[in-house]
Amino acid sequence: MCIRDSVKNVDYMATKEEVQDHFKSCGSIHRVTIIADKFTGHPKGFAYVEFNDAESVENAKLLDGTLLRGRTIQVLPKRTNVPNKGKRSRPRGGYMPRGYGRGGFYMRGYQMYPMPFRGLRRKFKPY
């Protein structure tokens, strides 16, 4: 089973071979992936290094704060996605009862009143 570490602050001109040479002292490397923007193809400044065993991952954490092409890199364990993280408690669109800021009526006690008058609205006159 392969275990990934994420590497932040990678130089934009760094290649996979340079990242692999930097981490080869840690142990056997399965794969190096440099993340790039999907529209432009330019690197985003971080990479994933996939190791074959857990001991190599522990050795890679010792390289946190070292220089790679003149930039200090950060070595962190790969983040796992947490379900429902960042979800809103209320849905963005769809049906919303009246009185939630979409006009119409607002509630005052048990009776429903129309919205207050907001002045004259001018009609669109194209000519």
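Rules of the game
Residues numbered from 1 in each chain as written. Predicted model: local features only at pLDDT ≥ 70, side-chain atom pairs only at ≥ 80, totals over all residues. Heavy atoms only, no water. Phe/Tyr/Trp six-rings, centres within 6.5 Å; stacked < 30°, edge-to-face > 60°. Helix = DSSP H or I, 4+ residues; strand = E, 2+ residues; numbered from the N terminus. Buried < 20%, exposed > 50% of the residue type's maximum accessible area, 1.4 Å probe, protein only. Lys NZ or Arg CZ within 6 Å of the ring centre and 35° of its normal. Salt bridge = Lys/Arg side-chain N within 4 Å of Asp/Glu carboxyl O. Contact = heavy atoms within 4.5 Å. Arc of directions from axis to C-beta. Pairing = 2+ DSSP bridges. Axes fitted to C-alpha atoms, helices over the stretch in contact; angles between N-to-C directions.

Caption draft 1: Here's a closer look at the packing of aromatic side chains. For the structure shown, the criterion picks out two aromatic pairs. Taking 6.4 Å as the distance between ring centres and 70 degrees as the angle between the ring planes, the aromatic pair formed by Phe23 and Phe51 counts as edge-to-face. Placement of the pair is Phe23 in helix α1 (residues 16–23) and Phe51 in strand β3 (residues 43–51), with a sequence separation of 28 residues. The class for Phe51 is buried, based on a relative accessible area of 0%. Both rings, one in Phe46 and one in Tyr48, keep their centres 6.2 Å apart while their planes meet at 80 degrees; by these two values the pair is edge-to-face. Across from the ring centre of Tyr48, 5.3 Å away, lies the NZ or CZ of Arg4, which sits over that ring.

Caption draft 2: How the structure looks around the pattern of salt bridges. Evaluation of the coordinates by the stated rule reveals five salt bridges. For Asp11, the salt bridge identified is with Arg69, shortest N-O distance 3.1 Å. Of the two residues, Asp11 sits in the loop between β1 (3–8) and α1 while Arg69 sits in the loop between β4 (67–68) and β5 (71–72), which places them 58 residues apart along the sequence. Relative accessible area serves as the criterion here: at 43%, Arg69 is assigned to the partly exposed category. Between Arg31 and Glu50 there is a salt bridge, with its nearest N and O atoms 3.0 Å apart. Here Arg31, found in strand β2 (residues 29–36), pairs with Glu50, found in strand β3; they are 19 residues apart in sequence, far enough to count as distant. A network of salt bridges, in which partner residues are shared, links Arg4, Arg31 and Glu50.

Caption draft 3: Just the environment of Met13, in detail. Considering the arrangement of structural elements, one finds Met13 in the loop between β1 and α1. Looking at Met13, the relative accessible area reads 60%, which means it is exposed. Each C-alpha atom, one on Met13 and one on Pro43, is 7.9 Å from the other, the two residues being 30 residues apart in sequence. Not counting the four nearest positions on each side in its chain, Met13 is found in contact with Glu18 and Arg69.

Caption draft 4: How the structure looks around the side chain of Ser6. By the secondary structure assignment, Ser6 is in strand β1. Beyond its immediate sequence surroundings of up to four residues, Ser6 is in contact with Ala47, Tyr48, Gln74, Val75, Leu76, Pro77 and Lys78.

Caption draft 5: Inspection of α1 at higher detail. Those residues of α1 that sit buried are Val19, His22 and Phe23. Along the long axis of α1, the arc covered by the buried residues comes to 90 degrees, so they all point the same way. In the core, the buried residues of α1 are packed alongside β1, β2, β3, α2 (54–61), β4 and β6 (74–77).

Caption draft 6: Looking closely at the sheet that holds β2. Within the open sheet, the four strands sit side by side as β2-β3-β1-β6. Their pairing is antiparallel. This sheet does not close on itself; its edge strands, each paired only once, are β2 and β6. Across this sheet, the average inter-strand angle for adjacent strands is 25 degrees, counted without regard to direction. Sheet topology places β1 next to β6; four bridges connect them, and they run antiparallel. Within β6, the residue paired with Asp5 across the bridge is Pro77. Taken strand by strand, α1 contacts β1, β2, β3 and β6, and its axis lies near 135 degrees from that of β2. Against the sheet, α2 contacts β1, β3 and β6, and its axis sits at roughly 15 degrees relative to β1.

Keep in mind that these numbers describe shape and distance, not what the molecule does.
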